[in-house]
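# Architecture and fold: a report
Okay, here's what each chain looks like letter by letter:
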Amino acid sequence: MSLLKPQLPKIGMLYLDHVLRFFDRSNFQGWPDKIEQVIYHWGNDKQRFINEVKQKKIDVLIGNIPATAYETFRDIARALPDVTFIPSLDSQFSNKSKENVTHFCEKYQLPIPKTHIFYQQDEALAYLRDAEYPKIVKRSYGPSNYGGYFVHKVDTVDEAVRLFSERRYFPAYIQDFVPMKADIRVMLIGHQPVCAFWRRPPEGEWLTNTSQGGSMDYQDVPREVLDLAVRVSKAAKAEYWACDIAVSTKDEYTILECATAFAAFPYIRDWIGQYLMWQLAPAQFTKPYFVDRNWEELGKIDSSLLRTMRHIRFGHASESTDTGEYAPADEQYSLLNTYHENDEEWPSEAWNFQDINRDQFSRPYFGHDYSDVGNQNADLASEAAVSQTVSTALDTGIEDLAELTEFANESTDSTTIKPQQLVDFFLSVKGVGTLLAEGIVETLGVEGTVEVLNEQPEQLMLFRNLKQKKLEAILNQWHECELIN
């Protein structure tokens, strides 16, 4: 009889250059074997990445994939059929865009604000002419709204068309405005809520982002909200998940965002690691236990301490009676195993609408048609048309980064962005000094700085003395910067 323990699957951490890492090895405390890491370097790195995964004989790749690389990793996953991606590419479908969140929720009949998505200019304009206002317009692509920077409330057709003329978001993603008391973020592991908190807008405002003055607290999250989050997590078949759920002034609940990519304290990432180790090797690791509504007590701890707390464990309560007439009820939400399916639920050939429809959106974006919306403001129409004559690029949140990354990599081209150009750009923003400007460019490099500015600008707030207002000033300046126009 062999006393050898069963062979464990070989784990690899999936990282991408210049992208914040959700996990590291310390989140998998107790895993006895070496945990590999494989880094995707952007550009033409797909085949090299595939070869490295094969060479290291990795069985499981763990990590989130940003929107800009999602379609590439669809191809990579198909080229590695024997490798399990955690989360799966299907579970990460909603990470790519708000458009995908809408398709996901509609398929599973999950409540969302009424949403319209347009890939053709005339259809978008026709809708805006006849729509009832206010509306919410969002940049679809990317997992985050960066403190509300890419979310806009428009009260009239003029405001809506002016916004699209200036921002050129593609596709046109338009939602009914839901008057909200607050929204609630719920984080789940194995379909069990492990953290939940309210985010409330400041008085007289509608954005709940704490960077915009909103407040947050952890008490008395309604069971109905937790139940809805569990439904969404199960539909996504996600090992870990987060939902933002709007609470209307009529106490109705609708899903605003959902994804596997979300901000989480280190101890929650440790919990995910515990769960995944149990899932991958149930014979060697104990199923973790997370106390129902643990967040109500942990949320009382100062956030500066929560950011450093690690490896929190919970013990089961032990209760008994003499006669057995009473036994405590099972926990409200069970920690469940999740299972991968071989078939693709969201194949790109059918669901990558942005690339399929990219050439159908006419140019200039809303410019020449602006005067047809019913408001005969000739000056405003002329301004919109001029704006589009100057710049006609559609803002999808994806292809801009691809073009800039390629641009930054062409080191032999005299037009390549130089480090000093980026330093000078930062120095042109009020409140940004030389130390900060040089520190950003030296830390991230040219390619990384461009990527962060386009795809993950919130990462800039990791630099000392760079807060939300300064970030917004940088983004406004970047939008007008001659380096990208």
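Below you will find a few notes about this structure. (Residues numbered from 1 in each chain as written. Predicted model: local features only at pLDDT ≥ 70, side-chain atom pairs only at ≥ 80, totals over all residues. Heavy atoms only, no water.)

## A look at the packing of helix α1 (residues 46–55) against helix α2 (residues 70–79)
Taken N-terminus to C-terminus, the directions of α1 and α2 make an angle of 40°; their axes are 10 Å apart at the nearest point. In this structure, the crossing between α1 and α2 has a hand that is right-handed. In this structure, α1 uses Lys46, Phe49, Ile50 and Lys54 to contact α2, whose residues at the interface are Thr72, Phe73, Asp75, Ile76 and Ala79. For the contact of α1 with α2, the class distribution of residues is 5 nonpolar, 1 polar and 3 charged. (Axes fitted to C-alpha atoms, helices over the stretch in contact; angles between N-to-C directions. Helix = DSSP H or I, 4+ residues; strand = E, 2+ residues; numbered from the N terminus. Left-handed = near helix turned anticlockwise from the far one by under 90°. Contact = heavy atoms within 4.5 Å. Nonpolar A, V, L, I, M, F, W, Y, C, P; charged D, E, K, R; others polar.)

## A word on the pattern of salt bridges
Per the counting criterion, the structure on display carries 27 salt bridges. We note a salt bridge from glutamate 36 to lysine 56, for which the minimum N-O separation is 3.9 Å. Here the residue glutamate 36 occupies a position in strand β2 (residues 36–40), and lysine 56 occupies one in the loop between α1 and β3 (60–62), the gap between them amounting to 20 residues. Of the two residues, glutamate 36 and lysine 56, both sit in the buried class. (Salt bridge = Lys/Arg side-chain N within 4 Å of Asp/Glu carboxyl O. Buried < 20%, exposed > 50% of the residue type's maximum accessible area, 1.4 Å probe, protein only.)

## Brief notes about the sheet that holds strand β5 (residues 115–118)
Here we have 4 strands laid out as an open sheet, ordered β5-β8-β6-β7, and antiparallel in their pairing. Two strands bound the open sheet, and with one partner strand each, they are β5 and β7 (151–154). Across this sheet, the average inter-strand angle for adjacent strands is 25°, counted without regard to direction. Sheet topology places strand β6 (residues 135–138) next to strand β8 (residues 172–176); 4 bridges connect them, and they run antiparallel. Of the residues in β8, the one forming a bridge with lysine 135 is aspartate 176. Together, β5, β6 and β8 form the strand contacts of helix α4 (residues 98–107), whose direction differs from that of β5 by roughly 125°. Sheet contacts for helix α6 (residues 157–167): β6, β7 and β8; angle to β7, the most-contacted strand, approximately 150°. (Pairing = 2+ DSSP bridges.)

## Notes on the side chain of glutamine 274
Here glutamine 274 shows up in helix α8 (residues 266–280). In this view, glutamine 274 contacts Asn27, Pro288, Ile312 and Arg313; residues no more than four positions away in its chain are not counted.

## Some points on the sheet that holds β3
Note: strands within a sheet are paired through backbone hydrogen bonds, in either parallel or antiparallel orientation. With parallel pairing, 4 strands are arranged side by side in an open sheet as β2-β1-β3-β4. One side of each edge strand has no neighbouring strand; the edge strands of this open sheet are β2 and β4 (84–86). Between one strand axis and the next, the sheet turns through 30° on average, direction left out of account. Note that strand β1 (residues 11–16) and β2 share 5 bridges and pair parallel. Paired with tyrosine 15 across the two strands is isoleucine 39, which belongs to β2. Each of β1, β3 and β4 touches α8; the most contacted strand, β4, lies at about 160° to it.

Purely geometric numbers; function is a separate question.
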